[in-house]
Amino acid sequence: MTLNKYQLLAQRTMNLSLDNDRTALHALHGMCAEVGEIHGLFQKYYQGHEVDAEHLKKEVGDLLWMIAEFCTVNGWKMSNVAQMNIDKLKARYPDGFTAEKSLNRVE
């Protein structure tokens, strides 16, 4: 599945009764909440729990849904956002990541 196809399918389950500002806030709060849930799975690891990979994947999927909602409300295609990020990383680390380039990168 492509990112844009995912975005289109995810849009089907957005709350269309919200205006754009509230939808953007919903997505932002949702992203924070989903990162918190992912973080909680790892926090429990330090209490002796195993990290359940299937549960983790579901939470990452929920995070992806929130990212799709944020992109949709802003009129962005997820594939364009992804490509922009890859272009930035290629420019920053043309030969791959190194700690030296990270510490002394040119903006």
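Predicted model only: the values in this text are computed from it and were never measured. Numbers given for residues are sequential positions, taken from 1 along each chain in its written order. Given that this is a predicted model, residues contribute local features only at a pLDDT of at least 70 and side-chain atom pairs are listed and counted only at 80 or more, while totals for whole chains, interfaces and linings are drawn from all residues. For the side-chain quantities, the full set of heavy atoms in the structure was used; hydrogens and water were omitted.

A. Just the environment of Asn104, in detail. We count a stretch as a helix when DSSP gives it H or I for four or more residues in a row; a strand needs E for two or more, and each element gets its number in order from the N terminus. Residue position: Asn104 is located in the segment after α5 (99-103). Linking Asn104 and His39, residues 65 residues apart in sequence, is a C-alpha distance of 30 Å. In protein, a polar contact requires one atom able to donate a hydrogen and another able to accept it; more generally it is a pair of N or O atoms within 3.5 Å, and residues adjacent in sequence count only if both atoms are side-chain atoms. In this structure the side chain of Asn104 is engaged in a polar contact, spanning 2.5 Å, whose partner is the side chain of Glu100.

B. Region of the structure containing the side chain of Gln7. Of note, Gln7 is situated in helix α1 (residues 3-11). Only protein chains enter the accessibility calculation, which uses a 1.4 Å probe; a residue whose area is less than 20% of its type maximum is buried, one above 50% is exposed, and one in between is partly exposed. Classification of Gln7 as buried rests on a relative accessible area of 7%. Note on contacts: a residue pair is in contact if any heavy atoms of the two residues lie within 4.5 Å. Those residues within four positions of Gln7 in sequence are excluded, and the remaining contacts are Ala68, Cys71, Thr72, Trp76, Lys77 and Met78.

C. Broad picture of the packing of α1 against helix α4 (residues 78-92). To get an axis, fit a line to the C-alpha atoms, keeping to the stretch in contact for a helix; angles then go from 0 to 180 degrees between the N-to-C directions. The interhelical angle for the contact between α1 and α4, taken along N-to-C directions, is 140°, at an axis separation of 7 Å. Between α1 and α4, the interaxial angle falls into the category oblique. In contact with Leu3, Asn4, Tyr6 and Gln7 of α1, α4 contributes Met78, Ser79 and Ala82. When residues are grouped by polarity, Ala, Val, Leu, Ile, Met, Phe, Trp, Tyr, Cys and Pro land in nonpolar, Asp, Glu, Lys and Arg in charged, and all others, Gly among them, in polar. In terms of residue class, the contact of α1 with α4 is built from 4 nonpolar, 3 polar and no charged. Just so you know how the angles are binned, under 35 degrees is roughly parallel, over 145 roughly antiparallel, 65 to 115 roughly perpendicular, and the rest oblique.

Scope: geometric values only; no functional claims are made or implied.
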